[in-house]
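If you want the building blocks of each chain, they are given just below.
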Amino acid sequence: MNSIPATTSLFQSMKRFLAGGILAIGLASLGLGWANTAAIAADEATYYTLEAVPLPKDVVLEVGALEFLPDGKLAVSTRRGEIWFASGTEDQDLSKTQWKRFAEGLHEVLGLAWKDNSLYATQRGELSRLRDLNGDGVADEFETINDSWHINGDYHEYAFGSKFDKEGNIWVVLCLTGSFSSEVKFRGWCVRIGPDGVAVPTCSGIRSPGGIGANVEGDMFYTDNQGPWNGTCALKHLPPGKFVGHPGGNKWYENAPNMGPKPQDPLSGSRFMTEAAKIPEYEPPAILFPYQKMGQSASGIACDLTGGKFGPYQEQLFVGDQTHSTVMRCFLEKIDGHYQGACFPFRSGTGSGSLALQFSPQGDLFVGGTNRGWGSRGPKPFALDRIHWTGKTPFDIHKMEVQPDGFLLTFAKPVDPNSAGNPESYKMTSYTFIYQSSYGSPEVDHATQKITRAEVAADGLKVKLTIENLQPGSVHELHSDGVKSADGEPLLHPEAYYTLNRLPGQPLATK
Amino acid sequence: MFVTRSLPEMRVIIKELSRRRQMFRSSRSAARIPPAVKPMLHASIGFSLLHLFALCGAIASFQMHGTSAMVAAADPATTPDLSPRVAGFERYHGALLGDATDEEDDRQPVDELALGRLLAGELNCSACHAASGEWKAALLPKQAPRLTQVAQRVRPDWLLKYLKDPHAAKPGTTMPHLLGSLSETDREAAALALTHFLASKSPITNNFVDRGLVNRGVNTFSKVGCVACHNLPQENAVDWKTSVSLSHVSEKYTVESLSRFIKDPHEARPAARMPNLNLKDEEVREIAAWFFRDITLPSNLKFDYFEGTWSNLPDFAALKPVQQGETSGFDVELAPRNSNYGIVFHGTIKVPTSGEYQFWITSDDGSRLKIDGQTVVTMDGIHPAQTSNAKRKLEAGEHPIAVEFFQQGGGAELRVEVQGHKLSRRALESLLVPLPSTNKGATEQAAQLFEVEDNLAAKGRELFTSLNCAACHEYKIGDETLKPAQQAKTLASLDLLKGCLSENVTGPSANYRLRKDQQTAIQQALTALKEAAASPDALAALGSGKSKIHQTMLAFNCYACHQRGEYGGAEAIRDAAFETTMKEMGDEGRLPPSLNGVGDKLRDDWLQKLLNEGANTRQNYMLTRMPRYGTNAIGHLKDHFIASDRRPEPAPDSIPQFTEPEYRVKAAGRHMVGGNSLSCIKCHDFGQYPSIGIRAINLASMHSRLREDWFVRYLANPQEYRPGTRMPAAWPFGTTSLPDLLGGKPDLQIRAVWLYLQDGEKAAVPAGLVREPIELVATTGPLVYRNFIEGAGSRGIGVAFPEHVNFAWDANDMRLAMIWHGAFIDASRHWGGRGQGFTGPSGDDVLSFPAGRPIAFLKDTNEAWPEGLAREQGFRFQGYSVTPATSSGSPQSTTFRFTTGSLEVSDEIAAKKMDPNDPTIDLTRTLSIKPAASKGTSPEGTPLFRLLKAKKIEREVTSGTSQGSTGTFLIDGLWKITIRPLDGVNPADPLIRASGDQQELLLPLGDGKSATGWQIQYIW
């Protein structure tokens, strides 16, 4: 335990603590995560500004979902069941933002997608198509596209809806009843609804989602939250036909003949990859967000398809955290046909609890937030923020790719070869979380990795770390505090967390 | 036998122990203890020969007995282990401490010497073998139960059995077998004499056990924390090695004496190893009832059984009984049939004191209670279980009673209860006098027949002192406490291989039936104590500080619930017994808190209160309670916790000072706690106000529990103090998200929260806790509210019109569910907090319509309306459209659409009237039905629309005819409905038909092949 002398001012010692690079690794062991507020946010603001969008007066705009319309308006749905259209959110001066209400009376809309002059809204109970037939700017037609899942009146039975995929499907992830069990049909499942309005059961194993979105390949992902069978929050891939972790909803396999037979139940107290080796239908989390270090409530997902308008991280996934009021950044790669990858801190300080993420056509990231029912660091009860790239590239780890004997880091800016080439500039530890039926998990199976070589590539952007004692099945927590950019800057975010499910070329050990 | 080993050798031994232990580890692999915390082993003795000695002992005993985990997992079929059971010893002997999953196994052996001292203390060696105060401080001897009142507590038949062989009668007992070395005849005689001495002249026997309490008893026992030390309350529950066995309880106590014991265990057992759980009387009775669930009592009632069909109690005296007999309690199940019978019970109650008593009789069907031949209370007629009550004055003494009962059909139930004069409400059976002639309940009869013989009792008294029972057990005759006759050697001068610790224990030594590993542990611990005694400081250290805390937590089994350092926390086998009502809080919500740093965290007075009285501050989520141990037992922990844990108070000049006046600082604190800022109230209760999310510990209690210095440090970094807590760091890294408050200084902000919380329940309530109504009001057009609507289901769609008429549509059943006038709906339940639950109409004149599908195809008009949800029967909801009021004057409305599979239905509901001259605004409904575009096969039968179901539906006769498809109906004589076919269609007449004890109004929908429809007006 790091004790803080009580005789000095608490925060003085905290600052000293921060300044002392030698103790940086200790920060992670304190589980504080990356600093979320003023000091670090100010540094982040050099590269990415965060501005609050003015909201309509006297409206409780607890943002549930966001979508841009072809005319440039931003559609904002709320937990109170309204949908508002904002214009001017892409202007430099946000104070001119105009708001008009498009619909009201809906049931907690957590998904918005636009197609063919219609707005598709995922409500608790159904996917609906909203149209304004009389042209007065207000929806008058509320068509039920699909309502095949059940709800029994439990507040936790949320439904998060995606955008349209390439085939024109909308994917809906359905929270368990009370986030613990599946009391009615298809709670704890992902279904995808085709253009014909038919819902196809797609994945089981959902617990308590916080958002859903596709990556650049069009593969669908969702975030699930710490709880039973989820030792920590995670980004999970949704491969059709797979089981993604919580067995509570598996009783509905008999209502989903397309999914085949019900998979074997995982063994409580096991590990993700031990069960993945045993249960062929089980797709383990692609990226684990270590609890407290990265966040506490993973939420919305948005893929940067802005073609560079949002900075260097093109085609990466951005994921919100509701409790920490942050946006995280995710690098994904496919090993043996399965996604895994790393998460990095990206931007802290959103106004409320980050929930919905949406890129704008001009390349800004909009984050809608609420902290009703679940507290957040961001103090406002609801907020809409715009994150804008200033054009300055931060010095951060852009990509972290696994190699059979280590990791290949790609930096966003050229590194100083001396510091980046020194293995002492890096520290790595690994651990995982218990895959168990009880709530959450501590970090377990701790190990320390030895970084034996750090080779800087000729381009000055890539560094190959050769590492001993890699632990497939564990999160590998990397601190690169010693690395400086060619200009001598330290990393904006020295920490990275790679979920090493599989090592290239090393098949899963079946136990 | 001192063996010295090199450190590398020891490391190999530890690894091997670890490997074996791993093999026997239970499935729980979670490491609850952070690896950073390593114990202060042998803090005072240091790493010395003693340590190695302990280690060798551990290994020796490992080889002989395995670890506690192994013993617990042993085959139950093996010979029973009669050795004394001390949970701390069984749990930790031979164990290793630390995170087994660490890459490098640096786990440490437990402090085996502490375990040896634990045994010596729990077996109360120092009661016979005098020991100095320092020795006793290190051993924490457990005082044996007081026996002065044992006759009121324990049954004589049990005393006899127990004295003859304590270990066989009560597995795991720490009482030695003092008669063990006597011949069998002498042992019988001695046990009998002692029993006659200890037993009462008025023997205690069991009384009626309320069966209704038994099941609740299981629940209470499981939840409140008993399972931390005892086995699960199940038939054939696994006997865990670390459990205090309760298999003997029903033989030892009566339900009354057990209740008294559980209510206050410390009266009989001042050592307080069994804590007082501060149970309510009701909980105590439930738990006690469970132990006596199988008791067979002597009969206490005679009964006459009759057969016949009645709708009220008949004059049983005029009838001839079919059967007569004796029974225990008012048991209607003695009837050989389920219906059409009657029973009269006769018996005698013994009223304890004169005064007024209240009697309840609950029955299904009729019943009557008579006392002294007079009717006291009657619950006559045919009905489900109903209760009636009356009061009556009764003299102390015996009174004849009779209870009459009859059953016609359906459920049968009879319960008679009494309350008054120190009797809490209870079953009347508890006052019944057993019948003299009966063979039932032989045990109870035998206990009753036990009579104390004075000569035997005198002999027993002699034995009580000569056998040294009096050394451990307090027994007072008047003011005189009996003294033990023998003085054994002092503890410090014992030969540790002889006497009680020898291979074969013979009298007068006490035979504890020690296992070899227990013997060794005691021998090693006492040897070490002797060595330590050479240096007074070392001996004193064992009786104080960290060592004393550890010894106390072992002896009182605090470790069963609490983790501190590397010890304790719920055992894996018991983990699931710690439950929560707030699963979302994870382990924090169900497991008692870690005691790491508890002396730093808690205020002195709160710490003292906890140790003395127990607490239940986490009752909103944690089912286990902190029980009462008492200051005498564990009060010393307070000073040791403080000395061991507490960080020095910061220097006064290092505490930041506010420049604002105190009221402004408190206002800032209140703001931060409230829902518009840091939202502490999202998770924490505040005084009487429940939080809007999970119900974490009450904020208004913080000031009475916590220390300011700790609070300030904790809020800055909760994870440091409670690893894994869900409590977020609101000031991460000493930064704030509130730059405008108190100069944006985090330390001032935290102290402002503290200052605000100092007012406790008197503090002004923070914002966001009190739910303010959010009344939804339609202003220009129809206002829609989709949510969980009470009366309209989980897919409810409420609609309000500006004319103050409202309705709710149920999209699960495709039906109009309710209509009402006035205020619409208060959305605050769903729009505040997490939005749990259903909300009904805010307004008045609410009319509800029957659940279930609105349309059915009936083969004939006698066919019952099909049950079940419409959406389960092929109905699909297709959505709705909203038509606002337009300048052209067309009325505002909402139109719902659904399909039955073969029919498409449009249901337009508007705030308008069919008759423009009618001044009242009502709801008008236009039902348009047409064949579905892509219809499958039409179901057979005639399609009908069920408009409503009511007690009484009457058609109004206006123009001399009660026929035709247009008309008005009076519903329940209260309100009206007017119907007419849509223009251009000519369906059959509406139909009123019976449905159970109600009536249904059905509208024919033609043949299902052509368009049809109705217009309906609701006038209410």
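Residues numbered from 1 in each chain as written. Chains lettered and ligands numbered in written order. Predicted model: local features only at pLDDT ≥ 70, side-chain atom pairs only at ≥ 80, totals over all residues.

Draft legend 1. How the structure looks around the overall build of chain B. Of regular secondary structure, chain B possesses 32 helices and 33 strands. Of all 1020 residues assigned to chain B, the portion counted as buried reaches 46%. Taking contacts inside chain B between residues at least 6 apart in sequence as the whole, the part at least 24 apart equals 68%. (Helix = DSSP H or I, 4+ residues; strand = E, 2+ residues; numbered from the N terminus. Buried ≥ 20, exposed ≤ 12 C-beta atoms within 10 Å, placed from the backbone. Contact = placed C-beta atoms within 7 Å.)

Draft legend 2. The overall build of chain A, seen in detail. On a plain count of helices and strands, chain A comes out with five helices and 31 strands. The C-alpha atoms of chain A give a radius of gyration of 22 Å, which matches the 24 Å a tight globule of 511 residues would have. Expressed along its principal axes, the backbone C-alpha trace of chain A runs to roughly 65 × 55 × 50 Å. When each of the 511 residues of chain A is scored for burial, the buried share is 61%. Sequence-distant contacts in chain A: of pairs separated by 6 or more residues, those separated by 24 or more amount to 61%. (Rg over C-alpha atoms; globule rule 2.2 N^0.38 Å.)

Draft legend 3. Looking closely at the domain arrangement of chain A. Residue and element names in this part refer to chain A. Assigned domains of chain A: these are domain 1 (48–389) and domain 2 (395–500). Distance from the C-alpha centre of domain 1 to the C-alpha centre of domain 2: 29 Å. In this assembly, 32 residues from domain 1 lie in contact with 28 residues from domain 2. Broken down by secondary-structure element, the contributors of at least two residues to the side of domain 1 that touches domain 2 are α4 (272–278), β17 (287–289), β20 (326–335) and β21 (338–348). Top element by residues in the side of domain 1 that touches domain 2 is β21. It accounts for six residues. Of the residues in the side of domain 1 that touches domain 2, the class split is 20 nonpolar, nine polar and three charged. (Domains from an automatic or database assignment. Nonpolar A, V, L, I, M, F, W, Y, C, P; charged D, E, K, R; others polar.)

Draft legend 4. Quick peek at the sheet that holds strand β21 (residues 844–848) of chain B. Residue and element names in this part refer to chain B. The five strands lie next to each other as β17-β18-β19-β20-β21, forming an open sheet whose pairing is antiparallel. Bordering the open sheet on either side are β17 (783–789) and β21, each of which pairs with just one other strand. Ignoring which end each strand starts from, the neighbouring axes of this sheet average 20° apart. (Pairing = 2+ DSSP bridges. Axes fitted to C-alpha atoms, helices over the stretch in contact; angles between N-to-C directions.)

Draft legend 5. Region of the structure containing the pairing of strand β13 (residues 199–204) of chain A. With respect to burial, β13(A) is a largely interior element, five of its six residues being buried. Turn length for the strand β12 (residues 189–193) of chain A-β13(A) hairpin, with the two strands adjacent in sequence and antiparallel, is five residues, and the turn residue Gly197(A) shows positive phi of about 85°.

Draft legend 6. Seen up close, helix α26 (residues 637–645) of chain B. Residue and element names in this part refer to chain B. Of the residues making up α26, those classed as buried are Leu 637, Lys 638 and Phe 641. Viewed along the axis of α26, the buried residues span an arc of 105°, placing them on a single side of the element. If you follow the buried residues of α26, they end up packed against α22 (545–555), α23 (598–601), α24 (604–613) and α25 (631–634). (Arc of directions from axis to C-beta.)

Draft legend 7. Main features of the nonpolar core. Core analysis: the largest hydrophobic core is formed by 197 residues, its most contacted members being Val76(A), Val172(A) and Tyr498(A). Ignoring sequence-local partners within four residues, the contact set of Val172(A) consists of Thr122(A), Leu127(A), Ala159(A), Phe160(A), Gly161(A), Cys190(A), Val191(A) and Ile193(A). Core analysis: the next-biggest nonpolar cluster, separate from the first, contains 111 residues, Leu115(B), Cys128(B), Leu140(B) and Leu526(B) among them. (Core = buried A, V, L, I, M, F, W, Y, C linked by C-beta atoms within 7 Å.)

Draft legend 8. Quick peek at the sheet that holds strand β16 (residues 233–237) of chain A. All names here are of chain A. Read from one edge of the open sheet, four strands run β14-β15-β16-β17, paired in antiparallel fashion. Both outer strands of the open sheet, β14 (209–214) and β17, are each paired with one neighbouring strand and no more. Strand-to-strand twist across the sheet, computed as the mean angle between neighbouring axes with direction ignored, equals 15°. Pairing analysis gives four bridges linking strand β15 (residues 220–224) to β16, with the strands arranged antiparallel. Bridge pairing in β16 places Asp 224 opposite Ala 234.

Draft legend 9. Expanded view of the domain arrangement of chain B. Residues and elements named next belong to chain B. In terms of domains, chain B is made up of domain 1 (7–123 + 512–555), domain 2 (211–291), domain 3 (301–440), domain 4 (578–645), domain 5 (652–762) and domain 6 (784–1019). A C-alpha centroid distance of 21 Å is found between domain 2 and domain 4. Listed per partner, the contact involves ten residues of domain 2 and ten residues of domain 4. Taken together, the residues of the side of domain 2 that touches domain 4 break down into five nonpolar, four polar and one charged.

Draft legend 10. Region of the structure containing the packing of helix α5 (residues 112–122) of chain B against α22(B). Residues and elements named next belong to chain B. Contact pair α5 / α22: the axes reach a minimum separation of 10 Å and the direction vectors enclose 55°. Our classification of the angle between α5 and α22 gives oblique. For α5 against α22, the interelement crossing comes out right-handed. Contacts from Ala 114, Arg 117, Leu 118, Gly 121 and Glu 122 of α5 reach α22 at His 550, Gln 551, Leu 554 and Ala 555. For the contact of α5 with α22, the per-class residue count stands at four nonpolar, three polar and two charged. (Parallel < 35°, antiparallel > 145°, perpendicular 65-115°, else oblique. Left-handed = near helix turned anticlockwise from the far one by under 90°.)

Draft legend 11. Local environment of the environment of His338(A). Residue and element names in this part refer to chain A. Positionally, His 338 belongs in strand β21. Each C-alpha atom of the pair His 338 and Ile 434 lies 21 Å from the other, and the pair is 96 residues apart in sequence. Those residues in contact with His 338 that lie beyond four places of it in its chain are Asn 501 and Arg 502.

Draft legend 12. View of the pairing of β14(A). Residues and elements named next belong to chain A. In terms of burial, β14 is a largely internal element, six of the six residues being buried. As paired elements, β14 and β15 share five bridges and run antiparallel to each other. Residue pairing for β15: Gly 213 is matched across the bridge by Phe 221. Between β14 and β15, which pair antiparallel and follow one another directly, the connecting turn spans five residues, one of which, Gly 218, has a positive phi of 90°.

Draft legend 13. Expanded view of the confidence of the model for chain B. All names here are of chain B. Here chain B shows a mean pLDDT of 86. Residues at 70 or above account for 88%. Of the regions scoring below 50 in pLDDT, residues 1–77 engages in 123 contacts with residues more than four places distant in sequence or in other chains. For this predicted complex, the interface confidence score (ipTM) comes to 0.91, while the overall pTM stands at 0.72. (pLDDT = per-residue confidence, 0-100.)

Draft legend 14. Spatial organisation of the environment of Arg386(A). Residues and elements named next belong to chain A. Secondary-structure assignment places Arg 386 in strand β24 (residues 382–389). Exposure remark for Arg 386: the 19 C-beta atoms within 10 Å place this residue in the partly exposed category. Taking the C-alpha atoms as reference points, Arg 386 and Gly 368, separated by 18 residues in sequence, lie 8.9 Å from one another. In this structure Arg 386 touches Glu 51, Val 53, Thr 89, Leu 94, Asp 364 and Phe 366, once residues within four positions along its chain are discounted.

Draft legend 15. Molecular detail of helix α20 (residues 516–533) of chain B. Here α20(B) spans 25 Å end to end across 18 residues, near enough to the 26 Å set by a 1.5 Å rise per residue. Residues Asp517(B), Gln518(B), Gln519(B), Thr520(B), Ala521(B), Ile522(B), Gln524(B), Ala525(B), Leu526(B), Ala528(B), Leu529(B) and Ala532(B) constitute the buried set of α20(B). (Expected span 1.5 Å × (residues − 1).)

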